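Close look at the chain arrangement
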Amino acid sequence: MSLDSVVIVGAGHGGVQVAISLRQEGFGGRIVLVNDEPGLPYQRPPLSKAYLLGKINATAMLFRPETFYVDQRIELVHDRVAAIDRQNRRVMLDSGSALDFGHLVLATGAHNRPLNVPGSTLGGIFGIKTKADADFLSPLVKQARNVVVIGAGFIGLEFAAVAAAEGAAVEVLELGDRPMARAVSPQMSELFRAAHQGWGVKFNFRTGLAELEGEDGKVSAVTTSDGRRLPAELVVYGIGVIPNVQLALEAGLDIDNGIRVNSSLLTSDPHISALGDVAAFPCVQNGENLTRLESVQNAVDQGKLIAARLVGKPAPYTALPWFWTDQGNLKLQIAGLSIGADNYVTLGDAAAQQLSVLCFRGDELIAVESCNRPGDHVFARKILARPPALTPAAAAAPDFDLKAWEAANRP
Ligand SMILES: Cc1cc2nc3c(=O)[nH]c(=O)nc-3n(C[C@H](O)[C@H](O)[C@H](O)COP(=O)(O)OP(=O)(O)OC[C@H]3O[C@@H](n4cnc5c(N)ncnc54)[C@H](O)[C@@H]3O)c2cc1C
């Protein structure tokens, strides 16, 4: 019997892409997109960048206008899926109604890891995950004089750059010893450290958060793990996310740091797929180890793959991971995964804030980080997507150029 209906839980990058791709692939059945956030589905990356700075408005963040969903017969349901009845292939909604599904797609994303210290329920303390978060923050960041950011990862530093641009004094607390340490090379961390310091951001490395102090229910100061007191009217934290697996867990699906899926992105139930931030998949670029990636590219490419499978075109997920972050005048683009990198070759000029770092594991090129060198990123993606492999010796040659090497070594 052919598939007649797909219910998608979550209308972020992954869920919306499944719906769009299903129609593009010619699926004629019912598509229902259930989302627990208000309004039309929107993109998250601008929440900590352009939208927060007021450079783009809410309409510019939408994936598609309302007419698109109507024209494409994609039913948008504003509700929360409360439970999955696998036996009867049905989901139960908070409102009390139920939806039957031929296939179910879980695209529930992740939520921010909360701060767990005394005072964390005071006013003026924010994570950034939703448009509602950014709408709260946007006027506050314009007024705040003293801002403390907890965590020097992507989100924390994107926010630090915005707050510094708005004229606030910004202190960043970070347990590690360099910015974005889990995701980028020491060379790239150094470029970003210097740039942020140039904008007036102060880093406190190897420093945790001990307590948040308040006045009249609002945060007024932060006490660090080494006993210092930093004034703060606004505290923003970005200390990682926790995948939204509750639904899947209660339905008895396999969970392993996310909803466990196979290389086709099927869960342990053949009628249910999962993707995006919530899914742990065997990642080719990470030695087939179960991996959860938090990026637009991953959610979008996985959405396309699931839609193709549902119309009878199955394929394993092998897409090359890539990612970007914008901080001040810096655009960092990363192709590949640098897990296990032990050898780096740099191209360009860190002082001029135009640098690419080629990350090798032994002789194998596994990732390329490019700051303000978009051309390198384009060619890095091509080079990483196929053999022959570029070696550290070749990359270290004088006047080495990624574009020329790619052209000369095209299969
Ligand atoms: C501030 C911010 C900046 C970012 N910047 C970048 C960037 O620069 N580059 C990049 O590549 N990535 C960036 N990301 C990450 C990127 O946005 C995510 O990887 C991507 O959104 C993941 O898509 P998803 O569909 O898996 O989940 P999400 O986009 O998180 O969508 C999940 C949706 O499901 C809903 N939901 C959850 N449970 C239920 C339920 N039971 N019923 C109904 N609905 C439910 C959630 O409310 C949410 O709306 C950023 C993320 C944030 C928060």
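Residues numbered from 1 in each chain as written. Predicted model: local features only at pLDDT ≥ 70, side-chain atom pairs only at ≥ 80, totals over all residues. Heavy atoms only, no water.

1. Some thoughts on the sheet that holds strand S6 (residues 98-100)
Taking strand neighbours across the sheet as the criterion, the 3 strands line up as S4-S5-S6 in an open arrangement whose pairing is antiparallel. Only two strands of the sheet have a single partner each, and these edge strands are strand S4 (81-85) and S6. Here the average twist between neighbouring strands, direction ignored, is 20 degrees. Of the pairings in the sheet, the one linking strand S5 (residues 90-93) to S6 comprises 3 bridges and is antiparallel in character. Bridge pairing links Met 92 to Ala 98 in S6. (Pairing = 2+ DSSP bridges. Helix = DSSP H or I, 4+ residues; strand = E, 2+ residues; numbered from the N terminus. Axes fitted to C-alpha atoms, helices over the stretch in contact; angles between N-to-C directions.)

2. Some words on the sheet that holds strand S21 (residues 289-291)
Overall, mixed pairing links the 3 strands, which are arranged S18-S20-S21 in an open sheet. If you trace the sheet from one side to the other, it starts and ends with strand S18 (259-260) and S21, each paired once. Bridging between strand S20 (residues 279-283) and S21 involves 3 bridges; their strand directions are antiparallel. Among the inter-strand pairings, Phe 281 is bridged to a residue of S21, identified as Thr 291.

3. Some details on the packing of aromatic side chains
Applying the stated criterion across every chain yields a total of 7 aromatic pairs. Aromatic side chains Trp 322 and Trp 324 sit 6.4 Å apart centroid to centroid with 40 degrees between the ring planes, which places their arrangement in the tilted category. Under the relative-accessibility criterion, Trp 322 is labelled partly exposed at 25%. Here Trp 324 falls in the partly exposed class, since its relative accessible area comes to 24%. An aromatic cluster of three or more residues is present, and its members are Phe 154, Trp 322, Phe 323 and Trp 324. It is Arg 64 that lies over the ring of Phe 68; its NZ or CZ is 4.9 Å from the centre. (Phe/Tyr/Trp six-rings, centres within 6.5 Å; stacked < 30°, edge-to-face > 60°. Buried < 20%, exposed > 50% of the residue type's maximum accessible area, 1.4 Å probe, protein only. Lys NZ or Arg CZ within 6 Å of the ring centre and 35° of its normal.)

4. Considerations on the side chain of His 103
Topologically, His 103 is positioned in strand S7 (residues 103-106). The residues touching His 103, leaving out its near neighbours within four places in the chain, are Leu 3, Ser 5, Val 6, Val 7, Leu 266, Pro 270, His 271, Ile 272, Ser 273, Arg 309 and Leu 310. (Contact = heavy atoms within 4.5 Å.)

5. Let's talk about the UniProt feature "domain: FAD/NAD(P)-binding" (unreviewed entry) in the protein
The residues that UniProt annotates with the feature "domain: FAD/NAD(P)-binding" (unreviewed entry) are residues 5-303. Strand forms 30% of residues 5-303 and helix 24%; the C-alpha atoms that close the span are 16 Å apart. (UniProt positions renumbered as here; feature names shortened; annotations may be inferred.)

6. Some remarks on the site of the ligand
Inspection of the region around the ligand gives 33 residues, with Gly 14, Asp 36, Glu 37, Lys 49 and Asp 277 positioned closest. Take Val 81: an N or O atom from its main chain is 3.0 Å from a nitrogen atom of the ligand. Alone, the ligand offers 1,000 Å² of accessible surface; in the complex the protein occludes 94% of this. Elements with a minimum of two residues in the shell around the ligand: helix H1 (13-24), strand S2 (30-35), helix H8 (296-310) and strand S22 (322-327). Ranked by residues supplied to the shell around the ligand, first place goes to H1 with 3 residues. When the residues that make up the shell around the ligand are grouped by side-chain class, the tally is 13 nonpolar, 11 polar and 9 charged. (Near = heavy atom within 4 Å. Polar contact = N/O pair within 3.5 Å; in protein donor to acceptor, adjacent residues only side chain to side chain. Areas by Shrake-Rupley, 256 points an atom, 1.4 Å probe, with all protein chains shown as cover. Nonpolar A, V, L, I, M, F, W, Y, C, P; charged D, E, K, R; others polar.)

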